[in-house]
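# Report on the structure
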Amino acid sequence: MTAPRSADPSWYASRRPAAPPRPALDGDIEAEVAVIGGGLTGLSAALELAGRGVDAVALEAGRIGDGASGRNGGQALQGLAAGMDVVERAVGLAAAQQIWAMSCEALALLKQRIAHHAIDCDLAANGYVYAATHAGQMADLAAWRDAAAAQYGYRDFRLLDRDALSAHVRSETYVGGLFDPNEVHLDPLAYTLGLARAAEQAGARLFERSAATGWQAEAGGWRVRTAGGSVRCRQLLIAVNTAAAGSASAVAPGLARRFLPVDSFIVATGPLDAGLAAGLLPSGAAVADCNRVLNYFRLGADGRLLFGGRASGTARDRADDTRRRMLAVFPQLEDQRIDYAWGGQVDVTPHKLPHFGRLADGVYFAQGFCGHGLALTGLAGLLAAEAMTGQPRRFDLFAALPQYRLPTRLPGFARAAVTLGMAWYQLRDAVDAAWYRD
């Protein structure tokens, strides 16, 4: 998601005083690597590069944590936004197996960094539930459990019937689900700020309010310009979402044609009575349903329910629609107030595959996590650092995932495509639900 925190403050931002501002870039400096973007991908790359003795500078257009990295649903998952069957068709089973293994590594890396750098971010290791709304989705979950074990060597999934699901989720909306005990949830803003501190302690230099206005080749390297100065570097990583219109359009306008910006929105109730909270999510697991236009939810550290999903319209419309969907799942929350409502845009590629690659020799990019990036962004930064220090093989596995160019330069195309796409997927969800209900 991308949106200024001041526009619609998140619950995460309300929990702590604003961090002291970091300086804006002022003047011309040099570094071995410049990173455009101070979100989780850019911070991870800066941390990994600094740990390898590489002089790295990261340029953030706003304040660190103000964008998607600090405003998302806080659910850290394995895999990609696309199913592994999509990955298999794109690059074959052998490469898909390596990508799945790296996505598991991404989650382990997140946990490792939290422990190693003592990041206080309310890490909740209560697992994750993929909740089915009808029998067709249950069949898909059972098939994935079996394929995960047989083809990917992952045997931790547990299929839940309605009775077993009640240990995790108590809602008449769902008929069962798939439980992963290894996935977690956390405060993403606290994690992002902690990662920034870790990168600085390792030796990286971070600048805020330093939006890149462009870059060009210069004497065996590159120069990245901002309003206040420039960075001359040997290599460059572009780690901004195309929804961040100012930065993305300035530094890589071609990349914006690989995505559609999809609105996502989250509401947070007031803190719930302990008995009520336990009656909703007894195990404390985070949850997402299996619809194409999905809902996701979890309990915050103080017992409030955070409920999110795709939404459109004005901020008031999005808040009302998200609350309505929350009450459809948990009607017992009818009398509970909504304390916070915030949103932003998620960059979604046509097949929900992340988009890694190179724009020129020594110029890398990693983006397009499609709302599935809390763990995967950390891996992206690691892989970019590996590639920049002479080990490109793992980065190139992700770079081989195919992407498609969209006619987003046509006036109104992106908004029309998102609106029509959301309506189509909602219709398909409704038809599927009616088919299996009847």
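On a predicted model such as this, the values are computed, not experimentally measured, just so you know.

## Topic: the pattern of salt bridges
As enumerated under the stated definition, the model contains 24 salt bridges in all. As a salt-bridge pair, E218 and R223 come within 2.6 Å of each other at their nearest N and O atoms. According to the relative accessible area criterion, E218 is partly exposed, its value standing at 24%. Ionic contacts of the salt-bridge type, sharing partners, join the residues R15, R16, D122 and D187 into one network.

## Quick notes on the packing of helix α4 (residues 84–91) against helix α5 (residues 93–116)
Where α4 meets α5, the axes come as close as 7 Å, and the angle between the chain directions of the two elements is 135 degrees. By the angle class used here, α4 and α5 are oblique. Handedness of the crossing formed by α4 with α5: right-handed. In this structure, α4 contributes M84, V87, E88 and V91 to the contact, and α5 contributes L93, A95, A96, I99 and W100.

## Some details on the packing of aromatic side chains
In total, this model carries 17 aromatic pairs according to the counting rule given. Consider the rings of W11 and Y12, whose centres lie 5.8 Å apart with planes at 50 degrees: the pair is tilted. Exposure class is identical for W11 and Y12. Each is buried. A ring pair is formed by Y154 and F157, whose centres lie 4.9 Å apart and whose planes are at 70 degrees; its orientation type is edge-to-face. By relative accessible area, Y154 is classed as buried at 8%. For F157, a relative accessible area of 8% gives the class buried.

Reading guide: rules and limits
Residues numbered from 1 in each chain as written. Predicted model: local features only at pLDDT ≥ 70, side-chain atom pairs only at ≥ 80, totals over all residues. Heavy atoms only, no water. Salt bridge = Lys/Arg side-chain N within 4 Å of Asp/Glu carboxyl O. Buried < 20%, exposed > 50% of the residue type's maximum accessible area, 1.4 Å probe, protein only. Axes fitted to C-alpha atoms, helices over the stretch in contact; angles between N-to-C directions. Helix = DSSP H or I, 4+ residues; strand = E, 2+ residues; numbered from the N terminus. Parallel < 35°, antiparallel > 145°, perpendicular 65-115°, else oblique. Left-handed = near helix turned anticlockwise from the far one by under 90°. Contact = heavy atoms within 4.5 Å. Phe/Tyr/Trp six-rings, centres within 6.5 Å; stacked < 30°, edge-to-face > 60°.

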